[in-house]
Amino acid sequence: MNKAEIMVLTPVRSSIMPQLEERFDLLRADKAGETTAEKEAFVTRHGANCRALLCSGNAELTVAMLDAMPQLGHVSCLTAGYDGLPLRELAARGVTLSNTSPALRDDVADMAILLMLAGKRDFVTAETYVRSGDWATKGMFPLQRSVSGKRLGIVGLGSLGQAVATRAQAFNMQVSYWNRREKNAPLRFHPDLIQLASESDVLIVTVAGGPETENLISADVMQALGPDGLLVNISRGSVIDEPALIDALQSGKLGAAALDVFASEPDPDPRLTALRNVTLSPHHASGTEEARNAMAQLAVDNIFAFMDDKPLISPVSI
Ligand code: 8YV
């Protein structure tokens, strides 16, 4: 009997790929060439019977590709973010979507705390201070600011925001949040984001990217967070108005930022990376062996669930 066909736009880790290879006929669009046109030509040639597709959230899944896969029923996105996918087109075709946010939540929440502490204690500069010998020649490193007892505002209280809240409470922080809708959570809800920022010492952004949250963190939000405030972003660069961020950091209207994500990756704006009051990380919050294995496994398990007519493990409503 012929194996069912699965289209691969982005492969999972090589250690996990054999699970798919064993059961399905894999159509490797990812190997068809570097350009979208080459991948599109491959999908057009081979997509007629494919039932499910594996890709990352920033893969170029074009309308022409979807048109060439009339049997497509499911897209298993192997990242948490899916803001680059054509959601309206998928919904219109009745194609279901799953992502991997449960698999990376804890490591991303850890990174939010790491960035918060590094930003508040100026840890990167402190490390260089020891390595360079400045400690011996210049004396004591300047005093920094604590996080214990301080006010944390979380922007977006999905499961990632909740995981950040749990960690911050262990640091004895007072945690409040902004979300589109109030959540049933024992945390203070602020329906007004500017108000939340003005009553926070640290703001951690965890909302999903996409058009709905583009530039949500505006110049006004940054100004409300203020000259002593720290803005941490572990969601998507698009959520922050980056030119306004550069201006706020340069002028001192905002104290500091600690960022894992940027408007332009992997080459963030040099005006941003030149600033002393920014702590930088190369979009690596989920960059652990554990998280990446769990993400790959979950993406594969969602394909198995779909192909076996079982409920998806981590569906996304679109
Ligand atoms: C990804 C992420 O691992 O899953 C996401 O949405 O932002 C990251 O953690 C990264 O985009 C992989 O390229």
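(A) Here's a closer look at the sheet that holds strand β8 (residues 188-189). The seven strands lie next to each other as β8-β7-β6-β9-β10-β11-β12, forming an open sheet whose pairing is parallel. In the strand order of this sheet, the two ends are held by β8 and β12 (278-280), each with one partner. In the sheet, strand β9 (residues 202-205) pairs with strand β10 (residues 230-233) via four bridges, with the strands oriented parallel. Counterpart to V202 in the pairing with β10 is L230. Its contacts with the sheet put helix α8 (residues 159-170) on β6 (151-155), β7 (174-178) and β9, and the angle it makes with β6 is roughly 170°. Together, β10, β11 (256-259) and β12 form the strand contacts of helix α11 (residues 242-251), whose direction differs from that of β11 by roughly 135°.

(B) Local environment of the pairing of β10. The side-chain alternation of β10 yields two buried faces, one formed by L230 and V232 and the other by L231 and N233. As for the winding sense of the linkage, the β-α-β connection from β9 through helix α10 (residues 219-225) to β10 is right-handed. The sheet contact formed by β10 and β11 spans four bridges and is parallel. Considered in β11, the bridge of L231 is made with A257. For the segment spanning β10, α11 and β11, crossover handedness is right-handed.

(C) Structural view of the site of the ligand. In the region of the ligand, the neighbouring residues are T79, A80, G81, L104, R236, H283, S286, R292 and M295. At 2.7 Å from an oxygen atom of the ligand is found a main-chain nitrogen or oxygen belonging to A80. One of the side-chain N or O atoms of R236 is found 2.7 Å from an oxygen atom in the ligand. Protein contacts shield 75% of the accessible area of the ligand, which totals 330 Å² for the unbound molecule.

(D) Representation of the pattern of salt bridges in the model. This structure, assessed with the given rule, holds 17 salt bridges. When the shortest N-O distance is used, the salt bridge between D83 and R236 registers 3.4 Å. Of the two residues, D83 sits in the loop between β4 (74-77) and α4 (87-92) while R236 sits in the loop between β10 and α11, which places them 153 residues apart along the sequence. Residue classification places D83 among the partly exposed positions, given a relative accessible area of 32%. When the shortest N-O distance is used, the salt bridge between D106 and R105 registers 3.6 Å. Exposure remark for R105: the relative accessible area of 26% places this residue in the partly exposed category. Taken together, the shared-partner salt bridges in this structure form one network comprising R105, D106, D110 and R167.

(E) Up close: the domain arrangement of the chain. For the chain, the assigned domains are domain 1 (5-102 + 290-316) and domain 2 (104-280). Just the C-alpha atoms count here: the centres of domain 1 and domain 2 sit 33 Å apart. Buried area between domain 1 and domain 2, summed over both chains or domains, comes out near 620 Å², and the portion from carbon and sulfur atoms is 52%. Together, D83, P102 and A291 form the three largest contributors to the area buried by domain 1 at its contact with domain 2, with a combined 57%. Linking domain 1 with domain 2 are one salt bridge. In this assembly, domain 1 and domain 2 are joined by four residue pairs in polar contact (both at pLDDT 80 or more). Among the elements of the structure, α5 (101-121) and α13 (289-307) are those that each provide at least two residues to the side of domain 1 that touches domain 2. Per-class residue counts for the side of domain 1 that touches domain 2 are four nonpolar, three polar and one charged.

(F) The arrangement of the packing of α5 against α13 in detail. As a packed pair, α5 and α13 sit with axes 8 Å apart at the nearest point and diverge in direction by 165°. In this view, α5 runs roughly antiparallel relative to α13, as classed from their interaxial angle. Relative to α13, the crossing made by α5 is left-handed. Together, P102, A103, L104 and D107 of α5 and A291, A294, M295 and L298 of α13 make up the contact between the two elements.

(G) Layout of α8. Compared with an ideal rise of 1.5 Å per residue, which puts 12 residues at 16 Å, α8 spans 17 Å between its outermost C-alpha atoms and is within 8% of the ideal. All of the buried residues along α8 are L160, G161, A163, V164, A165 and A168. On its buried face, α8 is in contact with α5, β6, β7 and β9. Residue N172 follows α8 closely and has a positive phi angle near 65°.

Thresholds, definitions, all that
- Residues numbered from 1 in each chain as written.
- Predicted model: local features only at pLDDT ≥ 70, side-chain atom pairs only at ≥ 80, totals over all residues.
- Heavy atoms only, no water.
- Pairing = 2+ DSSP bridges.
- Helix = DSSP H or I, 4+ residues; strand = E, 2+ residues; numbered from the N terminus.
- Contact = heavy atoms within 4.5 Å.
- Axes fitted to C-alpha atoms, helices over the stretch in contact; angles between N-to-C directions.
- Buried < 20%, exposed > 50% of the residue type's maximum accessible area, 1.4 Å probe, protein only.
- Right-handed = clockwise from strand over helix to strand, strands pointing away.
- Near = heavy atom within 4 Å.
- Polar contact = N/O pair within 3.5 Å; in protein donor to acceptor, adjacent residues only side chain to side chain.
- Areas by Shrake-Rupley, 256 points an atom, 1.4 Å probe, with all protein chains shown as cover.
- Salt bridge = Lys/Arg side-chain N within 4 Å of Asp/Glu carboxyl O.
- Domains from an automatic or database assignment.
- Buried area = accessible area lost by both parts, 1.4 Å probe.
- Nonpolar A, V, L, I, M, F, W, Y, C, P; charged D, E, K, R; others polar.
- Parallel < 35°, antiparallel > 145°, perpendicular 65-115°, else oblique.
- Left-handed = near helix turned anticlockwise from the far one by under 90°.
- Expected span 1.5 Å × (residues − 1).

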